[in-house]
Amino acid sequence: MAVILLVEDDPLVRRGLELALSRLGHEVGTAPTGEEGVEAFRSSRPDLVVLDLMLPGIDGFEVCRRIRAVSETPVIMLTARGDDFDVVSGLAAGADDYVVKPAKPTVLDARIRAVLRRTSGTGEEVRAHGDLRIDTTGLTVSLRDEQVSLTPTELRLLLTLTRAPGRVFSREQLLQEVWEHDYLGDSRLVDNCVQRLRAKIETDAAAPRYVQTVRGFGYRFGPL
């Protein structure tokens, strides 16, 4: 059972999702505004946040940024439309995934479980790549002996790429393996996560040493 914080201003949507997710096995807390969502996050420390973008007061983008300032807790955003600006801005703020409203509870539940599975270990121990060390049992990453704080999605992406250094993964392959998406048309999830990961592990994100772009296809790790 996961502890979920649902931040949604529409009372009918909020109550409907709360009941549906509870029936699906989650413990659900709710907040109707951005300010109350931030306070609820600080007090309850949930396993995952489901966050509407269009909120009264501070919006969902700012809520996500405030969460990311203090925690790597996964965030799934709810967007009222498949608007590129909303999606890209939400991912840039640090969200791990998104669901377009009206959100079907079964779809949202599948996304929640997929995100939370990204924290599961791989049965290995330590992968060392130059100055980068990945403990796949303890799920920690360090760069030059300094711990790097990654979201579960960023960690899963790094684990996937380092499983086969030098292999080129297409965006579609990464969507399947990291996000477990059946719909493979949204490369923005991959590209935004790569940008965030590079900002944390690369000395120069504009000239990456670890996570490299293969133009017209996807990404690879190294070779170093």
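None of these values were measured; they are calculated from a predicted model.

S.K.: Quick rundown of the overall build of the chain? Include the residues and the values.
M.R.: Along the chain, the regular secondary structure elements total eight helices and 12 strands. Taken against the 2.2 N^0.38 rule, which gives 17 Å for 224 residues, the C-alpha radius of gyration of the chain at 17 Å falls within 12% of a compact globule. In terms of principal-axis extent, the alpha carbons of the chain reach across some 50 × 35 × 30 Å. Taken across its 224 residues, the chain has 50% of its residues classed as buried. The contacts in the chain between residues at least 6 apart in sequence include a share of 57% that link residues at least 24 apart. Element-wise, carbon and sulfur atoms account for 50% of the exposed surface of the chain, whose accessible area totals about 10300 Å². In the chain, 29 positive and 34 negative side-chain charges are present, and the distance between their average locations comes to 3 Å.

S.K.: Please set out helix α5 (residues 105-117) residue by residue, giving values where relevant.
M.R.: Relative to the 18 Å expected for 13 residues at 1.5 Å per residue, α5 spans 18 Å between its end C-alpha atoms, a close match to the ideal helical length. Residues Leu108, Asp109, Arg111, Ile112, Ala114 and Val115 constitute the buried set of α5.

S.K.: Describe the state of the cysteines, naming the residues involved and giving the relevant values.
M.R.: Per the counting criterion, the structure on display carries zero disulfides. Unpaired in terms of disulfides, Cys64 finds its nearest cysteine sulfur in Cys193, a separation of 12 Å. When its relative accessible area of 3% is taken as the criterion, Cys64 is described as buried.

S.K.: Residues and numbers for empty space enclosed by the protein, please.
M.R.: The final tally for this structure, using the stated rule, is one cavity of 30 Å³ or more. The calculated volume of the largest cavity comes to roughly 30 Å³. Lining of the largest cavity is provided by Val38, Phe41, Arg42, Arg66, Ile67 and Val70. Those elements that provide at least two residues to the lining of the largest cavity are α2 (34-44) and α3 (60-70). Its residues assigned to classes, the lining of the largest cavity shows four nonpolar, no polar and two charged.

S.K.: Summarise the pattern of salt bridges; cite the residues concerned and give the values.
M.R.: Counted by the stated rule, this structure contains 16 salt bridges. Residues Glu8 and Lys101 are paired through a salt bridge, measuring 3.0 Å at the closest nitrogen-oxygen approach. Taken together, the residues span a long stretch of sequence, with Glu8 in the loop between β1 (3-7) and α1 (11-23) and Lys101 in the loop between β5 (97-100) and α5 at a distance of 93 residues. Judged by its relative accessible area of 0%, Glu8 is buried. The salt bridge partner of Glu62 is Arg66, with a shortest N-O separation of 3.0 Å. With Glu62 and Arg66 both in helix α3 and four residues apart, the pair spans about one turn of that helix. Glu62 gets classed as partly exposed once you look at its relative accessible area, which sits at 24%. Arg66 gets classed as partly exposed once you look at its relative accessible area, which sits at 35%. One salt-bridge network, in which partners are shared between bridges, spans Glu72, Glu154, Arg196 and Lys200.

S.K.: Could you give me a rundown of the nonpolar core, with the residues and numbers involved?
M.R.: Counting 48 residues, the largest nonpolar core has Leu132 and Leu158 as its most contacted members. In terms of residue count, helix α8 (residues 188-201) provides more of this core than any other element does, six residues in total. In contact with Leu132, other than residues within four places in its own chain, are Arg127, Val141, Ser142, Leu143, Leu158, Ile201, Tyr210 and Phe221. In terms of nonpolar packing, the next biggest core, distinct from the first, is built from 15 residues, Leu17, Leu21, Ala103 and Val115 among them.

Thresholds applied
Residues numbered from 1 in each chain as written. Predicted model: local features only at pLDDT ≥ 70, side-chain atom pairs only at ≥ 80, totals over all residues. Heavy atoms only, no water. Helix = DSSP H or I, 4+ residues; strand = E, 2+ residues; numbered from the N terminus. Rg over C-alpha atoms; globule rule 2.2 N^0.38 Å. Buried < 20%, exposed > 50% of the residue type's maximum accessible area, 1.4 Å probe, protein only. Contact = heavy atoms within 4.5 Å. Areas by Shrake-Rupley, 256 points an atom, 1.4 Å probe, with all protein chains shown as cover. Lys, Arg positive; Asp, Glu negative; His and termini not counted. Charge placed at Lys NZ, Arg CZ, Asp CG, Glu CD. Expected span 1.5 Å × (residues − 1). Disulfide = S-S within 2.5 Å. 1 Å grid on protein atoms, 1.4 Å probe; cavity = no way out; pocket = protein on both sides within 12 Å on 5 of 7 lines; lining within 4 Å. Points joined across faces, edges and corners; volume = space filled by probe spheres on them. Nonpolar A, V, L, I, M, F, W, Y, C, P; charged D, E, K, R; others polar. Salt bridge = Lys/Arg side-chain N within 4 Å of Asp/Glu carboxyl O. Core = buried A, V, L, I, M, F, W, Y, C linked by side-chain atoms within 4.5 Å.

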